[in-house]
Amino acid sequence: TWHLKKIPQIVSERTFSLDSPKFEAKTKLELNSVCGIECQRKLPVPSLSDLKDLLSYETVFENGTRTLTEVNVLGLALDPAGNITTRRSSRKKRQIYGTDSRFSIYDKRFMTNFPFNTAVKISTGCSGILISPKHVLTAAHCLHNGKDYVKGSKRLRVGLMKTKSRGDGMKRKGAKRNGMPSFQWTRVKSTHIPKGWFKGVSGDIALDYDYAVLELKRPHKRKYMELGISPTIKMMPGSMIHFSGFDNDRSGQLVYRFCSISDESNDLFYQYCDAEPGSTGSGVYLRLKEPNKRKWKRKIIAVFSGHQWVDVNGEQQDYNVAVRITPLKYAQICFWIHGNDENCTQG
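Residues numbered from 1 in each chain as written. Predicted model: local features only at pLDDT ≥ 70, side-chain atom pairs only at ≥ 80, totals over all residues. Heavy atoms only, no water.

Participant: Lay out the overall build of the protein with the relevant residues and their values.
Facilitator: For the protein, the helix and strand inventory stands at 6 helices and 19 strands. When burial is assessed residue by residue, the protein has 54% of its 347 residues classed as buried. For the protein, long-range pairs separated by at least 24 residues make up 75% of all intrachain contacts whose partners lie at least 6 apart in sequence. (Helix = DSSP H or I, 4+ residues; strand = E, 2+ residues; numbered from the N terminus. Buried < 20%, exposed > 50% of the residue type's maximum accessible area, 1.4 Å probe, protein only. Contact = heavy atoms within 4.5 Å.)

Below is the structure:
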């Protein structure tokens, strides 16, 4: 069953204007030298004042203006245990190693229906997932390198997979045969990124905060995916995570995969789902068959951050990592969607 948790409140305290960003950073779909599994174990538990700073956020608007919103955190019980990691199994795969276990979704009946139709393409080269009629969840590094916003994020667009409409000619039929989705591109009205992602706050790229929410200029009418609180590995329904995105090595195709999680910290999942750049920013979800119902219930519990290289015992090791939706992050993302915390009390 889903385990409900009481959610702390994120409330805005004040918002003020910042200078417009330069939008000159290069998009980097693979990150280096971030805090790895052993480093995570040694991290101290953030204090309440630290969390208020890390969860404050920048908003960039379509016209290039930028604001910073400082927040307060209410009703939070700090866990004194620190960053617990649970070692499960040794490294088995790289991005793609041995048998490729990814599935390309070719059939339009699947591609344009739930849950696969919740996957979207971000114009900077990443993927994302629909989380409301107007909002998309993706990875922060798809938009910002820790110091500046990436080129192309000033005129950011989101591509939603199109269903076939009347009057489509042979070209569209050919696209169907080739499993190549066509996209309806929508402009982004505003972008929210937590302050914890910025290098000036954390001293380095803080992978724990590699998530962002985009508000679309126009709402869509598709079914979207609900948010959920990330459980621990032991409490994982079905023991499997799932996500779909637009991997670069399968150009134009929607690629689905599932796998188990091998390790975890308070904020990250370490897993070996086969994935290539381009799928970064995909929504990682669980599925659970509810009692007395035939349909699967799905909830997003993490954001796929991509393939990472880190120092472990002085050596470079790699893994695929996802940022967990903790109660605090749930409260923040929910606040970004609704503009208040009234709809965000239960995760």
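Having put the structure on the table, let's press on.
Participant: For the pairing of strand S7 (residues 127-130), give the residues involved together with the corresponding values.
Facilitator: Every second residue of S7 is oriented toward a common face, with Ser 127 and Ile 129 on one face and Gly 128 and Leu 130 on the other, all of them buried. Two elements, strand S6 (residues 119-122) and S7, share 3 bridges in a ladder whose sense is antiparallel. Across the sheet, residue Val 120 finds its bridge partner in S7, namely Gly 128. Adjacent in sequence and paired antiparallel, S6 and S7 are bridged by 4 residues, among which Gly 125 carries a positive phi angle near 110°. As consecutive antiparallel partners, S7 and strand S8 (residues 135-138) are separated by 4 residues. (Pairing = 2+ DSSP bridges.)

Participant: Could you give an account of empty space enclosed by the protein, naming the residues involved and the relevant values?
Facilitator: Applying the stated rule across the entire model yields 4 cavities of 30 Å³ or more. Roughly 80 Å³ of internal volume is contained in the largest cavity. Val 60, Phe 61, Glu 62, Leu 143, Tyr 149, Ser 153, Lys 154, Leu 156, Val 188 and Thr 191 are the residues that line the largest cavity. Contributions of two or more residues to the lining of the largest cavity are made by strand S3 (57-61) and strand S10 (183-194). Class assignment for the residues of the lining of the largest cavity results in 6 nonpolar, 2 polar and 2 charged. (1 Å grid on protein atoms, 1.4 Å probe; cavity = no way out; pocket = protein on both sides within 12 Å on 5 of 7 lines; lining within 4 Å. Points joined across faces, edges and corners; volume = space filled by probe spheres on them. Nonpolar A, V, L, I, M, F, W, Y, C, P; charged D, E, K, R; others polar.)

Participant: Residues and numbers for unusual backbone geometry, please.
Facilitator: Unlike most non-glycine residues, Phe 23 shows phi in positive territory, near 55°. By secondary structure assignment, the location of Phe 23 is in the loop between strand S1 (9-18) and strand S2 (31-32). Accessibility expressed as a relative area gives 9% for Phe 23, which makes it buried.

Participant: Provide a residue-level description of the nonpolar core, including the pertinent values.
Facilitator: Residues Leu 55, Ile 131, Leu 137, Val 158, Leu 227 and Ile 333 are the most contacted members of the largest nonpolar core, which totals 68 residues. At 8 residues, the largest contribution of residues to this core is made by helix H6 (residues 327-338). In this structure Ile 333 touches Ile 131, Leu 137, Tyr 211, Val 213 and Leu 227, once residues within four positions along its chain are discounted. (Core = buried A, V, L, I, M, F, W, Y, C linked by side-chain atoms within 4.5 Å.)

Participant: Tell me about the packing of aromatic side chains, and name the residues and values.
Facilitator: What the rule picks out here adds up to 9 aromatic pairs. Cluster of aromatic residues (ring-pair linked, three or more members): Tyr 57, Tyr 209, Tyr 211 and Trp 336. Sitting over the face of the ring of Trp 185, Arg 157 holds its NZ or CZ atom 4.7 Å from the ring centroid. When the ring centre of Phe 114 is taken as origin, the NZ or CZ atom of Lys 223, which lies over that ring, is 4.3 Å away. (Phe/Tyr/Trp six-rings, centres within 6.5 Å; stacked < 30°, edge-to-face > 60°. Lys NZ or Arg CZ within 6 Å of the ring centre and 35° of its normal.)

Participant: Break down a nonpolar patch on the surface for me, citing the residues and quoting the values.
Facilitator: A grouping of Phe 103, Met 240 and Phe 258 is seen on the molecular surface, where their side chains present a nonpolar patch of about 260 Å² in accessible area. Residue position: Phe 103 is located in strand S5 (residues 103-105). Take Phe 103: its relative accessible area is 42%, and that puts it in the partly exposed class. (Patch = residues over 30% accessible without salt bridge, like charges linked within 9 Å, V, L, I, M, F, W, Y side chains within 5 Å. Areas by Shrake-Rupley, 256 points an atom, 1.4 Å probe, with all protein chains shown as cover. Salt bridge = Lys/Arg side-chain N within 4 Å of Asp/Glu carboxyl O.)

Participant: Got a sec to walk through the pattern of salt bridges? Specific residues and values, please.
Facilitator: Taken as a whole and assessed by the stated rule, the structure comprises 11 salt bridges. For Arg 66, the salt bridge identified is with Glu 58, shortest N-O distance 3.2 Å. Among the residues examined, Arg 66 registers a relative accessible area of 17% and is labelled buried. Assessed through its relative accessible area of 8%, Glu 58 is described here as buried. Linking Arg 187 and Glu 62 is a salt bridge whose minimum nitrogen-to-oxygen distance equals 3.3 Å. Separated by 125 residues along the polypeptide, Arg 187 in strand S10 and Glu 62 in the loop between S3 and strand S4 (66-74) bring together distant segments of the chain. Judged by relative accessible area, Arg 187 falls into the partly exposed class, the value being 33%. Owing to a relative accessible area of 22%, Glu 62 belongs among the partly exposed residues under this scheme. Several salt bridges converge on common partners, so that one network encompasses Glu 62, Arg 187 and Lys 217.

Participant: Report on H6, specifying residues and quantitative values.
Facilitator: Taking 1.5 Å of rise per residue, the 12 residues of H6 would be expected to cover 16 Å, and the 16 Å separating its terminal C-alpha atoms lies within 8% of that figure. Of all 12 residues in H6, 10 are buried, a share of seventy percent or more. Those residues of H6 that fall on the buried side of the exposure criterion are Leu 328, Lys 329, Tyr 330, Ala 331, Gln 332, Ile 333, Cys 334, Phe 335, Trp 336 and Ile 337. Directly beyond the C-terminal end of H6, a positive phi value near 80° is found at Gly 339. (Expected span 1.5 Å × (residues − 1).)

Participant: How would you sum up the environment of Pro 194? Please name residues and give values.
Facilitator: You can see Pro 194 is positioned in strand S10. For the pair formed by Pro 194 and Lys 329, sequence separation is 135 residues and the distance between their alpha carbons is 9.5 Å. Other than its neighbours up to four places away in sequence, Pro 194 contacts Leu 54, Ser 56, Tyr 57, Tyr 209, Tyr 211, Gln 332 and Trp 336.

Participant: Outline the state of the cysteines, listing residues and values.
Facilitator: All told, the structure shown has 2 disulfides when counted by the stated rule. Disulfide pairing is shown between Cys 126 and Cys 142; the S-S distance is 2.1 Å. Across the S-S bond linking Cys 126 and Cys 142, the dihedral sits near -95°, which makes this disulfide left-handed. Placement of the pair is Cys 126 in the loop between S6 and S7 and Cys 142 in the loop between S8 and strand S9 (157-161), with a sequence separation of 16 residues. Each sulfur of the disulfide joining Cys 259 and Cys 273 lies 2.1 Å from the other. Between Cys 259 and Cys 273 the disulfide shows an S-S torsion of about -100°. By sign, it is left-handed. (Disulfide = S-S within 2.5 Å.)

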